[in-house]
Each structure stands twice: as C-alpha cells, then as structure tokens.
Amino acid sequence: MSYTFNNRTALVTGAGRGIGRAIAETLAKHGATVICVSKSAESCGGVADAIVASGGKAKALAVDVADGAAIAQAAETLLGEFTNIDILVNNAGITRDGLLFRMSDADWNDVISTNLSSCFHWCKHLARPMTRARWGRIINIASVSGIMGNAGQANYSAAKAGMIGLTKTLAREFASRSVTVNAVAPGFIKTDMTSEFVNNTDVSAKILEAVPLKRFGESADIANMTAYLASEEAGYITGQVFTVDGGMAM
Ligand code: NAP
C-alpha cells in the first residue's frame, strides 16, 4: 500500500534492530521524518544514517527507555525541535525469561520498566501535543504472550498485557481529540530476540506446530501493519489489538 506521511514526524523506540528498524524504515520510505530511538547510539545512529543515505529523513537518539527521567528529558528536547511528534511507536522491548520460582526481582523489574513503564512515560510526554493538534497515532508493539500467556515469561506476558490495557484506556482518553491508540501483537518474528529458537531446528519445529501458517514472521509483517495503523486511512480504528502471528492466537 502507498501512504503519505509527508509532514509527519514519527518516533520509533527500539529502532536500532529487528522490528523497530523495519518500522522506522517503512515510515521513512513513505515520507515521514523518523526519530530512531534505541539504547545504544551506535545502533540507532546506523539506522538513521541508512535512512538518510537512501533519501529519507531521520534522526538518531540514544535513550534508555527504562529510565523515565531520561524519557522526560528526551521528549522536552524533541518537542523544542519538532513542535509535534505525530506518530509514536512504542516498540523497544527485552525478554528475561525464566519460570516464576526462579525469576529474580531484577528480571521482573527490568522487563516491566523497559517494556511497559517506557510506554507510559513516552505517551505521557508526547500525547499532549497530539491532543492539541487534534491528530495523532500511538502504536504499541505488544505480543501474543500478553494475550495467551506463555510459561517462562511471567514478567514479559504481564508487561505486554499491561500495554494492551494501557492502549485501550488511552484510546478512550484521547478519542475526542482524534488521537488513535492501537496495539500490534506479533507472534514469532525472526529477529535477534528470537534467534536462539529460530536457529535451533528442534525448537523451531516445535514452535511451528502451533503456527497454522507454518513459518516464522518477518519484521516487515509487523512494519506493514504498523504503517497502516499510522496512516490517515486508519483514522476510524482505535483501542484495538492486531495479532500478526501466522494464526497462532486465533
Ligand atoms: P530486538 O531485535 O531484540 O531489538 C530490540 C530493540 O529494542 C533494540 O533496538 C534495542 O536497542 C531496543 N531496546 C532494548 N532495551 C532498550 C532500552 N532500555 N532503551 C532503549 N532501547 C532499548 O527485538 P525485536 O524482536 O525487534 O522486538 C521488538 C519488539 O517486538 C519488542 O517489544 C518485543 O517484545 C516485541 N515482540 C517481538 C517478537 C519477536 O518474535 N521478535 C514477538 C512478539 C513481540 P539496541 O539496538 O540499542 O540494543
């Protein structure tokens, strides 16, 4: 599909690799100015440079999204420079898997702060100008783990389910200002996060038994759904969760 994001500024967290990179590149390809956020300056810098090299508009910003004060500071700087961020994609995430009895407090807290609290902080700081402009798109990258649960992922499933609750609540809070808030819930997508499973023949065969389409997804599958939700055409969709998972969670 062809969208026009000319004159739109998007911020994508976790844009340094995997799904976030694909989202940043897709939005840029359709004309958006993209602020690429990741933890390391090197990874978001590489993606922003690649976008600019291919004729797009991008800027890199290293922010540890687990740190609410760092998000507040980054948002203030960005709003000084861009006046408005029209599209916010909360994609940065980590896993620290383990069965409940072996899960440390640190593994619980790191996953909640990186995946869920980050989303709260970015929305809090960037949604107000969207509501004033009476146009905005917030897309939260959750997971089928947040819908179905997944043994060994108490922290991650709770964070992703929390993102879905936050999505629905903010959709109701911002609807009167034409700011839509939706979530995308990927299944198994081939990225660094899943390389351990995808590259293990026995484990991947077991996983694919539960995937009707019998293959892993690509980052582009998530980027395409995200670009649609960010578009003008998706203006009547809010508070929804879109699974992109090869049919796993149907
Ligand atoms: P990935 O390849 O591991 O990339 C994660 C990105 O998030 C990286 O750019 C990383 O930054 C960034 N990040 C991590 N912690 C951060 C922090 N504290 N501050 C700022 N940035 C941080 O992951 P992915 O597979 O693309 O996953 C992207 C999102 O999709 C995550 O929210 C994940 O939970 C979700 N998801 C993925 C799958 C899947 O199968 N892959 C399935 C369901 C949901 P650096 O590059 O600087 O390290």
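Look above for the structure.
Our subject in this report is the structure included herewith.

About the thresholds
- Residues numbered from 1 in each chain as written.
- Predicted model: local features only at pLDDT ≥ 70, side-chain atom pairs only at ≥ 80, totals over all residues.
- Heavy atoms only, no water.
- Pairing = 2+ DSSP bridges.
- Helix = DSSP H or I, 4+ residues; strand = E, 2+ residues; numbered from the N terminus.
- Axes fitted to C-alpha atoms, helices over the stretch in contact; angles between N-to-C directions.
- Buried < 20%, exposed > 50% of the residue type's maximum accessible area, 1.4 Å probe, protein only.
- Right-handed = clockwise from strand over helix to strand, strands pointing away.
- Expected span 1.5 Å × (residues − 1).
- Arc of directions from axis to C-beta.
- Contact = heavy atoms within 4.5 Å.

### What to know about the sheet that holds strand β6 (residues 179-186)
In step 1: The seven strands lie next to each other as β3-β2-β1-β4-β5-β6-β7, forming an open sheet whose pairing is parallel. On the outer flanks of this sheet lie β3 (57-62) and β7 (241-244), each paired with one strand and no other. Averaged over all adjacent pairs, the angle separating strand axes in this sheet is 15°, with direction ignored.
In step 2: Two elements, strand β1 (residues 9-13) and strand β2 (residues 33-38), share five bridges in a ladder whose sense is parallel.

### Notes on the pairing of β1
In step 1: Of all five residues in β1, five are buried; the element is thus mostly enclosed.
In step 2: A two-sided burial pattern is seen for β1, the buried positions comprising Thr9, Leu11 and Thr13 on one face and Ala10 and Val12 on the other.
In step 3: Remark: the β1/helix α1 (residues 18-29)/β2 crossover connection has right-handed handedness.

### Observations regarding unusual backbone geometry
In step 1: At Asn7, a residue that is not glycine, the phi angle is positive and equals roughly 70°.
In step 2: Inspection of the secondary structure assignment puts Asn7 in the segment before β1.
In step 3: Positive phi values are uncommon outside glycine, yet Lys214 reaches one of about 60°.

### Some words on helix α9 (residues 219-230)
Note: α-helices contain 3.6 residues per turn, so residues at a spacing of three or four share the same orientation.
In step 1: The terminal C-alpha atoms of α9 lie 16 Å apart, and with twelve residues this matches the ideal 16 Å at 1.5 Å per residue to within 8%.
In step 2: Taken together, the buried positions of α9 are Ser219, Ile222, Ala223, Thr226, Ala227, Leu229 and Ala230. Taken end-on, α9 shows its buried residues confined to a sector of 160°, consistent with a single buried face.
In step 3: Where α9 is buried, its residues meet α1, β4 (87-90), β5 (136-141), β6 and β7.

That's the geometry; what it means functionally is another story.
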